[in-house]
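Given next are the chains, with one letter for each unit.
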Amino acid sequence: KIKNYNDIKKLYYPSLKRFICTELTSGYFLEHNEAKYTEQREKVYTCMRIPKELEKLMLFGFFLCMDAFLYAFTLLPLRVLLAALRLLTLPCCGFSGTRLLQPAQVCDVLKALILVLCYSMMHYLDYAMIYHLIRGQSVIKLYLIFNMLEVADRLFSSFGQDILDALYWTATEPKARKRDNIGVIPHFIMAVFYVLLHTILIMVQASTLNVAFNSHNKSLLTIMMSNNFVEIKGNVFKKIGKQNLFQMSNSDIKERFTSYILLLIVVLRNMEQFAWNLGHLWKLIPVVVMVVVSEVAVDIVKHAFVTKFNNISAEVYSEYRTDLAFELLSSRQKNAYTDYSDTVARRMGFIPLPSAILLIRVVMSSVKVQGALAYTCVLLLYLGLLTLKVLNSIMLLGKSCVLIKRANMEDKLYEQPSTETPSARTVLFPSAPIPIEVCSATGTAPTASIASTCQNRPTTPPPEPEQPIPSLSKEEEGEPGATSELKHRTPKKELLELDHYTDCGGRID
């Protein structure tokens, strides 16, 4: 029995002494669980590599969107002019063939008609009235309006490309087939109605952002920027595979490019209100930079944690760039079945026509073109945009050839076209129809149609057996046999067969 303190001391002191000594001198060896700690270190390194790899993909996607966007201002008018010249010279040269215009020319004429009609109808909308109507609302109501506009923009982009594809196919479908459509004119009316509504929606978005810029305490702008961080909560804690991550990356590219267009419209409207005072421009630049930095920071944090929680390596973004480069080169084939801008629209959900119409509307209302000098400046601006478009296209084609050669995917560009008819919502890019000639020496630019300096044009290669496609599960499990070269040996069929709208239902078929 314990009667006093000395009994307690004699009974517990040796054990307490051993316990303290053990706590102070005990050790452990991390190499006993080397695999676990190596994996944790690789996760840290992956998070550190995400910003660089993600921004490479974002930059490549940004130039893809810019190329499709500049097409509406530069090459589309020239192609329509060539189509008009073809129609005018038919009586002189004689009609030989079954078509007055080629299918691509018909699509270009339809795009130009939609652009002109929607632009003329946009003159009946007063931008200033919409701005003051939005400015009179409360902050919370504007926040809800902005969120609803973002959702509506995604829905419009999803359904709008289907409407345009239906119009193009109805207008160019061979007449020998049995008619199972409602006709070209109803499809054209639906397309004009869609483009007009989407343009109005983007105008309201730009007006809401303009109100946020001009608010005194910038509270609305802060709320809109904080809305970007909601994406982290909505995407980070979900099970996301490589296919879903590819779609999320394409959506982020589209959102970032669209936000740049909205910021440009806001700056133009503000500069017009302040009589193009450069002093006011310096006041807008910090706010613009803050919005851009918040977009970049949210994307980096979101992708870093998505890849961490789903055990996806940073090299997957290099695969995504290769897939986009493969689509770019495939859409440049002589017998390609889709226009390049439509390819970008399907993949990323970016439809250039509504944004182009709104930008033309804002520029024409902000800048008064009067006199010979003003028209000379407009001509110089057009030539500058055309030069930018050509240089951007050459740069993209050269970079795409480098990526394809680095991934050892040149043979896929020489495959014969498959007999399967592509649907309006699925683009089967691995079955490229016509060989596109890539310089085997440098791999920097395709020859014949793009750069005639490559002399080593490959002859007709014999058909090679289809390479097996590595399964995604093995790559995600990190098996030692799944090397980076094997990943790039063939394009990811699962990634290439997906368009932007496959994931609208929250699943991947």
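These numbers come from a predicted model, not from an experiment. (Residues numbered from 1 in each chain as written. Predicted model: local features only at pLDDT ≥ 70, side-chain atom pairs only at ≥ 80, totals over all residues. Heavy atoms only, no water.)

Asks: Run through the pattern of salt bridges, naming residues and quoting values.
Replies: For side chains bearing opposite charge, pairing can occur when the charged atoms are close. Counted under the stated rule, the structure contains eight salt bridges. With a closest N to O distance of 2.5 Å, Arg-79 and Asp-108 form a salt bridge. Separated by 29 residues along the polypeptide, Arg-79 in helix H3 (residues 75-93) and Asp-108 in helix H4 (residues 103-122) bring together distant segments of the chain. Look at the salt bridges and you will find they share partners, linking Glu-55, Arg-256 and Asp-299 into a network. (Salt bridge = Lys/Arg side-chain N within 4 Å of Asp/Glu carboxyl O. Helix = DSSP H or I, 4+ residues; strand = E, 2+ residues; numbered from the N terminus.)

Asks: Residue-level account of helix H11 (residues 316-331), with values.
Replies: Side chains three or four residues apart in an α-helix point the same way, a direct result of the helix having 3.6 residues per turn. Between its first and last C-alpha atoms H11 spans 23 Å; for 16 residues at 1.5 Å apiece the expected length is 22 Å, and the two agree. Among the 16 residues that make up H11, 15 are buried, leaving the element largely enclosed by the rest of the structure. (Expected span 1.5 Å × (residues − 1). Buried < 20%, exposed > 50% of the residue type's maximum accessible area, 1.4 Å probe, protein only.)

Asks: Mind laying out the UniProt feature "transmembrane region" (unreviewed entry) in the protein chain, listing which residues take part and the relevant values?
Replies: In this structure's numbering, the residues bearing the UniProt feature "transmembrane region" (unreviewed entry) are residues 57-74, 113-134, 184-204, 282-301, 350-367 and 373-397. Span residues 57-74 is 83% helix and 0% strand, its end C-alpha atoms 25 Å apart. Span residues 113-134 is 82% helix and 0% strand, its end C-alpha atoms 31 Å apart. (UniProt positions renumbered as here; feature names shortened; annotations may be inferred.)

Asks: Run through a nonpolar patch on the surface, naming residues and quoting values.
Replies: Together, Leu-78, Leu-81, Leu-82, Leu-85 and Leu-88 make up a nonpolar patch on the protein surface, roughly 490 Å² of accessible area in all. Its location among the elements puts Leu-88 in helix H3. (Patch = residues over 30% accessible without salt bridge, like charges linked within 9 Å, V, L, I, M, F, W, Y side chains within 5 Å. Areas by Shrake-Rupley, 256 points an atom, 1.4 Å probe, with all protein chains shown as cover.)

Asks: Describe the environment of Ile-200, naming the residues involved and giving the relevant values.
Replies: With respect to the element layout, Ile-200 can be found in helix H7 (residues 184-214). Here the alpha-carbon distance between Ile-200 and Leu-125, two residues 75 residues apart in the chain, equals 8.7 Å. Apart from the residues within four sequence positions on either side, Ile-200 is in contact with Met-122 and Leu-125. (Contact = heavy atoms within 4.5 Å.)

Asks: Tell me about the nonpolar core, and please be specific about residues and values.
Replies: Counting 103 residues, the largest nonpolar core has Ile-114, Phe-213 and Leu-245 as the members making the most contacts within it. In terms of residue count, H7 provides more of this core than any other element does, 15 residues in total. (Core = buried A, V, L, I, M, F, W, Y, C linked by side-chain atoms within 4.5 Å.)

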